[in-house]
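Coordinate inspection notes
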Amino acid sequence: MMLFLARRTAALVVAVLLASFVVFLIPYVTPGDPVRKIIRSRVAGDAIDDSAVQALAAQLGLQDPLWTQYLRWLGRFASGDMGLSYTSRTPVVDQVLPALWVTLSLVVMTLAAAALIAVVLGIAAALNEGRAADKAITAVSQAFVAMPEYWLAPMLVLVFALELSVLPSAGWEGPTSAVLPVAVLALRPASHFTSAVREGMLDALGADHVTAARGRGLSYFHTVRKHVIPNGLLPLTTLAAVWFAGLLGGSVIVEVIFAIPGMGRLLFDGVLNSDIPLAQGAVVVVVGLAVLLTTAADLVHGLLNPQVRMRHA
């Protein structure tokens, strides 16, 4: 098991370093003078003459080898110095942290709603395998996937905000502001979660220890509650973390449509305005957190799953 932990931790470090290096290269691979871009991200003021550029480049070490600049940039980033936004001329970290909190709140609510739907539908489908209820639930969950966010979001706004006037159409002012974006974002993961819960439940129902429990006289209800449901829900741990990671950066469309000041909207604004420091900060934070969560889910799944523990013992 220690070997499994060491491998996953090493993979986490390598993935974060590779992602950060790719982000660090953005000023060098996009059009324009990379030195001026980097100076502009660290020094307030737009009018910088050539002599000032050369002086600041030497002062900031921008003539050093690329790997030296990367390590220095990574150290500053780790200490919270993400540079200055081109558009607002304020520290990027002051924009990233509030946006991250908004997106985390949105993602947590989305996954909670998706998991609740999936647990109810997945268990019901598994306990009625092959029957009409199972087929209906499968059809409904598959229909969730066929509803893209860029179509569903305007439809819900049209119905619930404009026609019925029961929910706000945009903004992030209170609990009601989260209802429509959560509904839009939850359907797709709910579909995948439902399938995972159904398959996990069916595997658990066919396990030897479940048959043995029934042979000892344990009722069907108690067998399902004690032995089937806990094991059947195990696949949700890794799957939910993967979706958590994906939603952190994948909620761009929904955050833009509903004017939610989260990481997706921040990244969209950074790219739209060619605000390199803002885009760098948003990407590194999202990717780093996504990799961390996915790795943590793998570790938790490995600790909870006896087969994984035995394989890496």
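Look up: the structure comes first, before these words.
Right, let's walk through the structure included here. The shown structure was predicted, so the numbers you read here are calculated from the model rather than taken from an experiment. (Residues numbered from 1 in each chain as written. Predicted model: local features only at pLDDT ≥ 70, side-chain atom pairs only at ≥ 80, totals over all residues. Heavy atoms only, no water.)

1. Overview of the overall build of the protein
When its secondary structure is counted, the protein shows 16 helices and zero strands. By residue count, 39% of the 313 residues in the protein fall in the buried class. Long-range contacts, defined as pairs at least 24 residues apart, comprise 71% of the intrachain contacts of the protein with a sequence gap of at least 6. Within the structure as shown, the protein displays about 16000 Å² of accessible surface, and the carbon and sulfur contribution to it stands at 69%. (Helix = DSSP H or I, 4+ residues; strand = E, 2+ residues; numbered from the N terminus. Buried < 20%, exposed > 50% of the residue type's maximum accessible area, 1.4 Å probe, protein only. Contact = heavy atoms within 4.5 Å. Areas by Shrake-Rupley, 256 points an atom, 1.4 Å probe, with all protein chains shown as cover.)

2. Let's talk about the nonpolar core
Within the largest apolar cluster, 56 residues are counted, with the highest numbers of intra-cluster contacts made by Phe-258 and Met-263. Counting residues per element, this core draws most heavily on helix H9 (residues 175-205), which supplies 13 residues. Each residue touching Phe-258, except ones within four places of it in the same chain, is listed here: Ala-153, Val-157, Ser-169, Ala-170, Gly-171, Leu-180, Pro-181 and Val-184. (Core = buried A, V, L, I, M, F, W, Y, C linked by side-chain atoms within 4.5 Å.)

3. Thoughts on the pattern of salt bridges
All told, the structure shown has five salt bridges when counted by the stated rule. Between Arg-72 and Asp-64 there is a salt bridge; the shortest N-O distance is 3.2 Å. It is possible to trace a salt-bridge network through shared partners that takes in Asp-134, Arg-198 and Glu-199. (Salt bridge = Lys/Arg side-chain N within 4 Å of Asp/Glu carboxyl O.)

4. Things to note about unusual backbone geometry
A positive phi is found at Arg-89, a non-glycine position, where the angle reads about 60°. When you line up the elements, Arg-89 lands in the loop between helix H5 (66-78) and helix H6 (93-127). Classification of Arg-89 by relative accessible area gives partly exposed; the value is 25%. Here Ala-259, not a glycine, exhibits a phi torsion of approximately 55°, which is positive. Within the secondary structure, Ala-259 sits in the loop between helix H13 (252-257) and helix H14 (263-272). Residue class for Ala-259 comes out partly exposed when judged on its relative accessible area of 36%.

5. As for the packing of helix H8 (residues 149-163) against H9
Helix packing for two helices is described by the angle between their axes and how far apart those axes are. Where H8 meets H9, the axes come as close as 10 Å, and the angle between the chain directions of the two elements is 145°. Considering the relative orientation of H8 and H9, their crossing is right-handed. Two secondary-structure elements touch here, H8 through Glu-149, Leu-152, Ala-153, Leu-156, Val-157 and Phe-160 and H9 through Leu-180, Ala-183, Val-184, Leu-185, Leu-187 and Arg-188. Here the residues of the contact of H8 with H9 sort into ten nonpolar, no polar and two charged. (Axes fitted to C-alpha atoms, helices over the stretch in contact; angles between N-to-C directions. Left-handed = near helix turned anticlockwise from the far one by under 90°. Nonpolar A, V, L, I, M, F, W, Y, C, P; charged D, E, K, R; others polar.)

6. Some words on the packing of aromatic side chains
For the structure on display, the rule yields seven aromatic pairs. Every member of this aromatic cluster is reached through a ring pair, and the members are Phe-21, Phe-24, Tyr-28, Tyr-70, Trp-73 and Phe-77. (Phe/Tyr/Trp six-rings, centres within 6.5 Å; stacked < 30°, edge-to-face > 60°.)

7. Points about a nonpolar patch on the surface
On the surface, Met-147, Tyr-150, Trp-151, Met-155, Leu-158, Val-159, Phe-160, Leu-162, Leu-164, Val-166, Ile-253 and Ile-257 cluster together into a nonpolar patch covering about 1100 Å² of accessible area. Only H8 and H13 provide two or more residues apiece to the nonpolar patch. Ranked by the residues each element gives to the nonpolar patch, the list is headed by H8, at seven residues. By secondary structure assignment, the location of Tyr-150 is in helix H8. (Patch = residues over 30% accessible without salt bridge, like charges linked within 9 Å, V, L, I, M, F, W, Y side chains within 5 Å.)

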